[in-house]
Every structure is written in structure tokens, then in C-alpha cells.
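Residue-level listing of the chains:
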Amino acid sequence: MKLKHLESSLSSIDYRFRSPKVELEQYPTCAHLAAAVVWTAHARGDVGANKQVLDLGCGTGMLTIATAIMAYEDALLNQSEDEGEEGSNCSVKEPLPILSLDCCSNALEQAAENCKEIEVDNMVEFLKAKLSFRKKDDSKSHCRYQRGNHKTKRGKNSFRHKPRLKALNNDEEAGDNDAVIECVNDGIPLRDGCVDTVLTNPPFGTKQNAGIDLAFLKCACRLSRQAVYSFHKSSTREHVLKKAKEWHMGAEIVAAMKFDIPKTFHKEKNVDVDVDLVRLWHLNDVQGKGTV
């Protein structure tokens, strides 16, 4: 799928938060940015039908939906190739499910509605959890976990059976989703390396939330086993790259972009902020090409 076609598929989605919460820095991710991130990740082998992906802080679901579209297109392409080799009709192999996580019930509800509109709802598993970036005593559980109840009817282009979270639970039965729950210092109840790739558009970190952008990034590194894609203010570039090195992660600036911050968060009109799309990868992946 070409980048322009992916962006066009996302253009009809109601991506703006209906009631944005300033304290959560709920900046919406537009179709152009979401398409650019996911298309780039797909081109590098980090997103696709055989990749488990987490949208960390999913908001209204733009990165989730873009990922689902690319995964579905991959599945159809794989089916066509299999039919060509075997000379017969083959069923579409279900892509791995996408995990979409946020701390805001309203955002999760809107994301679920958007997924239903694009008919990818059966490819997504919603979770509610809140990131904590203040160190706490490990003996005290501070996990917040709630399985999403955003059930919708299967779209005509969706898969017959809802995929299970196989990659989230490698050492037990895939259907036992309680096994993904862990109480860890960052508050996100998922195991280390539970997904291939994490996509995140984190809060930039206001005076009240200073440092939360790096807390999201560090959590994403913990949860991924292959790569992380994250937005950060260009003004913090050197600091972000320094932190990645401290975490023993490879890092590169994939693209420099403009991010539109709505008037809700400023006294002036909408403000364009210079941001970097940063890709991090685990250094056991020597070339950073997506092979682990």
C-alpha cells in the first residue's frame, strides 16, 4: 500500500478528542502523521501481519487503525502469494492482534468507535492502564488494569474469529490473558518484551508532567523486543538520544515533522511544534533492521 493511500484511508476518521484533557496532554494524531509513522515502520519490517504491535497511549486510535490496515493488506498479499504457489484458493491467515492501551476511558471508547467505522475492530484488543513515572516501592502493587469492554460487530472486511494475544503470553496458553498482568514500577501491567514493536505519541511533558515523555519511551523499550517509534520535541533531540544510549538502545531520527497543537492547550491559535520521529531498536538487533 502506498503512503498516500494509507493516509486517504485514515482521512475520514474523527481523530480529534471530543473532550481533551489538558492534564493528560491529549494532542490528537492526524491522518498524515499516523500514516507516515506506520508506513515507515512497515517499510522497515517493524509492522505487518506477522508483527505484534502495541499502541502505547493510543488516544483516539489513529496509530492503531493505520497499523491494522497495513497488517490486513499484508495478510491479503500473503494470501495471493500462497495461492500463486499452490494454484488453489487459500484462506486469509489472521494477522497478529494489535494491542491498544490508554488510561482514559473516553479516549478508549472513541478509539473503539473509530476502529468499528474502519472495520478493523476485530483486529484490536483494548486495555486500560496508567503509566506511573515516579519510583515506588516494588512491594507495593500500583498496577491499574482493565480489559476493554468495547465490543463491536464484525465488519465485512474483518476476520471471522477475534485473534488471541499469543505474543503477549509466550509460556502459557494463549487464551489465559491474566498471564500478561504484572506489577512493575512503570505501572503498565505487561511483561518485558511482550510485543515486537511499540508505537507511541507520548505527552511532551509540561511543567506539571516534566519527564513523562521519557517515561513513555523507557516503558516502550521495556515492552518491545524489536523496535520503538515515538514522537518527541526536536528541542529535546540530544537528550532523547543520550537516554537511548544509556538504556543500551540504538536510536535514529527517522523524520522531522510539524505537530499541530490545538488552541485548547494554548492561549493563541493552533501552534505548530517541531517534532522528531525517533526509532529505537534493541542492540541485540545489530543492524537495526528488524531481525531479532
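So, how was this worked out
- Residues numbered from 1 in each chain as written.
- Predicted model: local features only at pLDDT ≥ 70, side-chain atom pairs only at ≥ 80, totals over all residues.
- Heavy atoms only, no water.
- Helix = DSSP H or I, 4+ residues; strand = E, 2+ residues; numbered from the N terminus.
- Contact = heavy atoms within 4.5 Å.
- Areas by Shrake-Rupley, 256 points an atom, 1.4 Å probe, with all protein chains shown as cover.
- Buried < 20%, exposed > 50% of the residue type's maximum accessible area, 1.4 Å probe, protein only.
- Core = buried A, V, L, I, M, F, W, Y, C linked by side-chain atoms within 4.5 Å.
- Axes fitted to C-alpha atoms, helices over the stretch in contact; angles between N-to-C directions.
- Parallel < 35°, antiparallel > 145°, perpendicular 65-115°, else oblique.
- Left-handed = near helix turned anticlockwise from the far one by under 90°.
- Nonpolar A, V, L, I, M, F, W, Y, C, P; charged D, E, K, R; others polar.
- Expected span 1.5 Å × (residues − 1).
- Salt bridge = Lys/Arg side-chain N within 4 Å of Asp/Glu carboxyl O.
- Disulfide = S-S within 2.5 Å.
- pLDDT = per-residue confidence, 0-100.

## Some points on the overall build of the chain
Consideration 1: When its secondary structure is counted, the chain shows six helices and eight strands.
Consideration 2: Each helix (α) and strand (β) of the chain, taken in turn from the N terminus, gives the series α-α-β-α-β-α-β-β-β-α-β-α-β-β.
Consideration 3: Across the chain, the fraction of contacts at a sequence separation of at least 24, relative to all contacts at a separation of at least 6, is 75%.
Consideration 4: With an accessible surface of roughly 14,700 Å², the chain has 47% of that area assigned to carbon and sulfur atoms.

## Remarks on the side chain of Thr 67
Consideration 1: Assignment of secondary structure puts Thr 67 in helix α3 (residues 62-86).
Consideration 2: A relative accessible area of 2% means that Thr 67 is categorised as buried.
Consideration 3: The residues contacting Thr 67, other than those within four sequence positions of it, are Val 38, Val 47, Val 53, Ile 98 and Leu 199.

## What about unusual backbone geometry?
Consideration 1: One non-glycine residue with positive phi stands out, namely Glu 25, at about 50 degrees.
Consideration 2: With respect to the helices and strands, Glu 25 occurs in the loop between α1 (3-10) and α2 (31-43).
Consideration 3: Classification of Glu 25 by relative accessible area gives buried; the value is 5%.
Consideration 4: Positive phi is not limited to glycine here, since His 248 has a value of about 60 degrees.
Consideration 5: Residue placement: His 248 occurs in the loop between α6 (237-246) and β7 (249-261).

## Looking at the nonpolar core
Consideration 1: Judged by nonpolar contacts, the single largest core of 45 residues is most densely connected at Leu 10, Val 38 and Ile 65.
Consideration 2: A total of nine residues in this core trace back to one element, the largest contributor, which is α3.
Consideration 3: With sequence-adjacent residues up to four places away left out, Ile 65 is seen in contact with Leu 10, Ile 13, Asn 114, Cys 115, Ile 118 and Val 120.
Consideration 4: By size, the runner-up hydrophobic cluster in this structure holds 27 residues, among which are Leu 99, Cys 194, Ala 215 and Met 249.

## Considering the packing of α1 against α2
Consideration 1: One can describe the packing of α1 onto α2 by two numbers: an axis separation of 9 Å at closest approach and a directional angle of 135 degrees. Taken as axis vectors, α1 and α2 run oblique relative to one another. Note on packing geometry: the crossing formed by α1 with α2 is right-handed. On α2, the residues touching Leu 3, Leu 6, Glu 7 and Leu 10 of α1 are Ala 31, His 32, Ala 34, Ala 35, Ala 36, Val 38 and Trp 39.
Consideration 2: Across the contact of α1 with α2, the residue classes break down as nine nonpolar, one polar and one charged.

## Topic: helix α4 (residues 105-118)
Consideration 1: Taking 1.5 Å per residue, 14 residues should reach 20 Å; α4 reaches 20 Å between its end C-alpha atoms and fits that length.
Consideration 2: Turning to α4, its buried residues number three or more, namely Ala 107, Leu 108, Gln 110, Ala 111, Ala 112, Asn 114, Cys 115 and Ile 118.
Consideration 3: Downstream of α4 by a residue or two, Glu 119 has a phi angle that is positive, lying close to 65 degrees.

## A closer look at the pattern of salt bridges
Consideration 1: In this structure the tally under the stated criterion is eleven salt bridges.
Consideration 2: With its nearest N and O atoms 2.7 Å apart, the salt bridge here joins Arg 237 to Asp 276. With Arg 237 in helix α6 and Asp 276 in strand β8 (residues 271-282), the pair connects residues that are 39 residues apart, well separated along the chain.
Consideration 3: Since its relative accessible area comes to 33%, Arg 237 is described here as partly exposed.
Consideration 4: By relative accessible area, which is 1% here, Asp 276 ends up buried.
Consideration 5: The partner of Lys 243 in a salt bridge is Glu 246, and the shortest N-O contact between them spans 3.4 Å. Taken together, the residues span about one helical turn, with Lys 243 and Glu 246 both in helix α6 at a distance of three residues.
Consideration 6: We classify Lys 243 as partly exposed; its relative accessible area is 23%.

## Some details on the environment of Phe 133
Consideration 1: Following the sequence through the fold, Phe 133 ends up in the loop between β3 (124-128) and β4 (146-147).
Consideration 2: Overall, the relative accessible area of 34% leaves Phe 133 in the partly exposed class.
Consideration 3: Each C-alpha atom, one on Phe 133 and one on Leu 214, is 9.0 Å from the other, the two residues being 81 residues apart in sequence.
Consideration 4: In contact with Phe 133, not counting residues within four places along its chain, are Asn 209, Ala 210, Gly 211, Ile 212 and Ala 215.

## Some remarks on the state of the cysteines
Consideration 1: Counted under the stated rule, the structure contains zero disulfides.
Consideration 2: With no disulfide of its own, Cys 103 lies 6.2 Å from the sulfur of Cys 104, the closest cysteine sulfur.
Consideration 3: According to the relative accessible area criterion, Cys 104 is buried, its value standing at 3%.

## Thoughts on the confidence of the model for the chain
Consideration 1: Of the residues in the chain, 72% reach a pLDDT of 70 or more, and the chain-wide mean stands at 79.
Consideration 2: Note on residues 135-147: pLDDT under 50 across the span, and 31 contacts to partners over four residues away in sequence or across chains.
Consideration 3: Counted against residues more than four places away or in other chains, residues 150-183, with its pLDDT under 50, gives 83 contacts.

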